Amino acid sequence: MTRTQLAGGVYLTYLPAKKFKTSLLSAQFVVPLRWETASANALTGAILRRGTAAFPDMGALSRRLDELYGARIDITIRKKGEAQCVGFVASLIDDCFAPGGERLLEPAAALLGELICHPVTRDGLFLEEYFESEKTNLIDAIRSILNDKRAYADSRLLQEMCTGEPYGVPRLGNEQITAALHPQLLFDAYRELIASSRLEIFYSGSAERPRVEDALRAALADLPRTDVEPPPELAPHLPPEEPRAVTERLDVTQGKLGMGFSCASADSAALLMGNTLFGGSSNSKLFLNVREKLSLCYYASSLFHRQKGLITVSSGIEFENYQRAYDEIMAQLESVRKGELEDWELEAARSTLLNAYASMGDSQGKLENFCLGQAATGRDESPEDLADQVRAVTPERIFEAMGTAKLDTVYFLQGKEAEA
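The notes below deal with the structure included here. What you are looking at is a predicted structure, and each value in this text was computed from that prediction instead of being measured. (Residues numbered from 1 in each chain as written. Predicted model: local features only at pLDDT ≥ 70, side-chain atom pairs only at ≥ 80, totals over all residues. Heavy atoms only, no water.)

### Considering helix α3 (residues 105-117)
Right, on to step 1. A rise of 1.5 Å per residue sets the reference length of α3, with its 13 residues, at 18 Å; its end C-alpha atoms lie 18 Å apart and thus fit the reference within 8%.
Right, on to step 2. Taken residue by residue, α3 has Leu105, Ala108, Ala109, Leu111, Leu112, Gly113, Leu115, Ile116 and Cys117 as its buried positions. (Helix = DSSP H or I, 4+ residues; strand = E, 2+ residues; numbered from the N terminus. Expected span 1.5 Å × (residues − 1). Buried < 20%, exposed > 50% of the residue type's maximum accessible area, 1.4 Å probe, protein only.)

Right, here's the structure in full:
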């Protein structure tokens, strides 16, 4: 795994791999996550995927991809730390398996470059029909989050917990800002995106690195570069003096209890282990005790947000079980803090994390997603480095790190009938 600079603010992470029948090529613009720009960036990516000057509609693009033996190019909009990552991921037959030894890397890279640098336009703007169609699709996607009440509650907890911080901004932005977008504003946002945003490129396949670099330089020869915006620095999270409680009422039959904890420890490996013990696996205390043994939750898990030093709990409960579930979740956290653990729990947690790191190399998509997260947040550890850190974590470090976890925000989604 090597990372080199191809041009101003353009970086290639080269991941040589000969065991796959496919190659992966990913181009991601990394920008600070902001309410005022998140929707425009998400919409820009969707419109770029609709067509290029040479292939002006989905039909022409599909025919071109068919000529590349069924290659795929998918739009991706991801949130990594406090960065929004907008771009494309291409999957194609690796040259080692292409019929007649045909080279597919160069034409695939060229098509990726066309999507970015040469979108189909009319009168200096995106096609109005593409703009209106994708704007509607984006609003529908934002609204659809409400249909998945678990994902909605998790998102609302982060928004409330990180109010005023970029980390609380959803990756797609919001409906009101999306609705206010117009063609000129969006095209200006597009030009700003490709000119001043850092571009992270990832390649996984059998081609030698010099060839990959040459293909990408040619494909992106028309990419404008001005003053490239530096990667966003994480805003420090300032926990409230007393835990905040937020209750929201919707037409739901199952309550959603979310709990956010801020951690003052900088020992992220110990916090990762502690969270895995707490609620980060099927062997965790939340799963085995709160869900299985006591049946207080339909589901109960926790997530460690490494970039921000936060732990969030997600659970689905009966409305009347709110206090019992709350108390038991806090009790399970306390048992981790106090070191009330059996040897098998520690080893199961360590094994869960080590297996996750070890399996990354078996999936080009997982490895690309991991490397993007590292690049977007200014980290350079490999999966092997993180595995070594986990192996070195002692129980004492876990207890000390988890001892700094402080209840920050409680979010409860309950039914409308509870208003009475």
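Further notes follow.
### Some details on the pairing of strand β3 (residues 22-32)
Sheet faces and side chains relate simply in a regular strand, where the side chains alternate between the two faces.
Right, on to step 1. Where burial is concerned, most of β3 is hidden: ten out of the eleven residues are buried.
Right, on to step 2. Judged from the eleven bridges that link them, β3 and strand β5 (residues 83-93) form a sheet pairing that is antiparallel. Bridge assignment links Phe29 to a residue of β5, and that residue is Val86.
Right, on to step 3. Two elements, β3 and strand β8 (residues 198-205), share seven bridges in a ladder whose sense is antiparallel. Opposite Ala27, over in β8, you have Ile201 as the bridge partner. (Pairing = 2+ DSSP bridges.)

### A look at the packing of aromatic side chains
Right, on to step 1. Scanning the entire structure with this criterion turns up seven aromatic pairs.
Right, on to step 2. Consider the rings of Phe187 and Tyr190, whose centres lie 5.4 Å apart with planes at 50°: the pair is tilted. With Phe187 and Tyr190 both in helix α7 (residues 183-196) and three residues apart, this pair spans about one turn of that helix. As far as burial versus exposure is concerned, Phe187 and Tyr190 are alike and both buried.
Right, on to step 3. For the ring pair Tyr322 and Phe412, a centre distance of 4.7 Å and an interplane angle of 45° mean the geometry is tilted. Placement of Tyr322 in helix α11 (residues 322-337) and of Phe412 in strand β13 (residues 405-415) is noted, with a sequence separation of 90 residues between them.
Right, on to step 4. With relative accessibility at 22%, the residue Tyr322 sits in the partly exposed group.
Right, on to step 5. Sitting over the ring of Tyr167, Lys79 keeps its end group 4.7 Å from the ring centre.
Right, on to step 6. In this structure, Arg150 is placed above the aromatic ring of Tyr299, and the distance from its NZ or CZ to the ring centre is 3.8 Å. (Phe/Tyr/Trp six-rings, centres within 6.5 Å; stacked < 30°, edge-to-face > 60°. Lys NZ or Arg CZ within 6 Å of the ring centre and 35° of its normal.)

### Quick notes on the sheet that holds strand β11 (residues 299-305)
Right, on to step 1. In spatial order, the strands read β9-β13-β10-β12-β11; together these five strands make up an open sheet with mixed pairing. Of all strands in the sheet, those with a lone pairing partner are β9 (244-250) and β11, marking the two edges. For this sheet, the mean angle separating the axes of adjacent strands, direction not counted, is 15°.
Right, on to step 2. Note: β11 against strand β12 (residues 310-317), seven bridges, orientation antiparallel. Residue pairing in the sheet places Leu303 in a bridge with Thr312 of β12.
Right, on to step 3. Contacts from helix α5 (residues 149-161) reach β9, β10 (255-263), β11, β12 and β13, with the element oriented near 135° to β13. (Axes fitted to C-alpha atoms, helices over the stretch in contact; angles between N-to-C directions. Contact = heavy atoms within 4.5 Å.)

### Re the nonpolar core
Right, on to step 1. Of all hydrophobic cores here, the largest spans 63 residues; its most connected members are Leu257, Met259, Phe261, Met273, Phe278 and Met402.
Right, on to step 2. Considering every element that reaches this core, the biggest residue donor is helix α9 (residues 268-278), with seven residues.
Right, on to step 3. Beyond its immediate stretch of four places on either side in the chain, Leu257 contacts Val313, Ser314, Ser315, Ile317, Tyr322, Ala325, Tyr326, Ile329, Val410, Tyr411 and Phe412.
Right, on to step 4. Of all hydrophobic cores here, the second largest spans 61 residues; its members include Phe29, Ala60, Val120 and Tyr203. (Core = buried A, V, L, I, M, F, W, Y, C linked by side-chain atoms within 4.5 Å.)

### Focus on α11
Right, on to step 1. With 16 residues, α11 extends 23 Å between its outermost C-alpha atoms, agreeing within 8% with the 22 Å of an ideal straight helix rising 1.5 Å per residue.
Right, on to step 2. Taken together, the buried positions of α11 are occupied by Ala325, Tyr326, Ile329, Gln332, Leu333, Ser335, Val336 and Arg337.
Right, on to step 3. Where the residues of α11 are buried, they touch β10, α9, α10 (285-293), β12, α15 (395-402) and β13.
Right, on to step 4. Directly after α11, the chain includes Gly339, whose backbone phi takes a positive value near 80°.

### Some words on the side chain of Ser315
Right, on to step 1. Mapped onto the secondary structure, Ser315 falls in strand β12.
Right, on to step 2. Separated by 2.9 Å, the side chain of Ser315 and the backbone oxygen of Leu257 make a polar contact.
Right, on to step 3. Excluding residues that lie within four positions of it along the chain, Ser315 makes contacts with Gly255, Lys256, Leu257, Cys297, Tyr299, Ala300 and Ile329. (Polar contact = N/O pair within 3.5 Å; in protein donor to acceptor, adjacent residues only side chain to side chain.)

### Concerning the environment of Phe97
Right, on to step 1. Here Phe97 is to be found in the loop between β5 and α3.
Right, on to step 2. Note: C-alpha distance between Phe97 and Thr22 (75 residues apart in sequence) is 8.2 Å.
Right, on to step 3. Contact partners of Phe97, with chain neighbours within four places excluded, come to Phe20 and Lys21.

### Regarding the pattern of salt bridges
Right, on to step 1. This structure, assessed with the given rule, holds 28 salt bridges.
Right, on to step 2. Among the ionic pairs, Asp362 bridges to Lys19, the shortest N-O distance being 3.3 Å. Residue Asp362 is found in the loop between α12 (343-359) and α13 (364-376), and its partner Lys19 is found in the loop between β2 (10-16) and β3; the two are separated by 343 residues along the sequence.
Right, on to step 3. For Asp362, a relative accessible area of 54% gives the class exposed.
Right, on to step 4. Between Glu248 and Arg156 there is a salt bridge; the shortest N-O distance is 3.1 Å. Of this pair, Glu248 sits in strand β9 while Arg156 sits in helix α5, placing them 92 residues apart in sequence. (Salt bridge = Lys/Arg side-chain N within 4 Å of Asp/Glu carboxyl O.)

### Thoughts on the state of the cysteines
Right, on to step 1. The full count for this structure, using the stated rule, is zero disulfides.
Right, on to step 2. Of the cysteine sulfurs around Cys85, a residue in no disulfide, the closest is that of Cys371, at 13 Å.
Right, on to step 3. As a non-bridged cysteine, Cys117 has Cys85 as the owner of its nearest cysteine sulfur, 18 Å distant.
Right, on to step 4. Of the residues examined, Cys117 reaches a relative accessible area of 12% and is grouped as buried. (Disulfide = S-S within 2.5 Å.)

These figures come from the coordinates and say nothing about function on their own.
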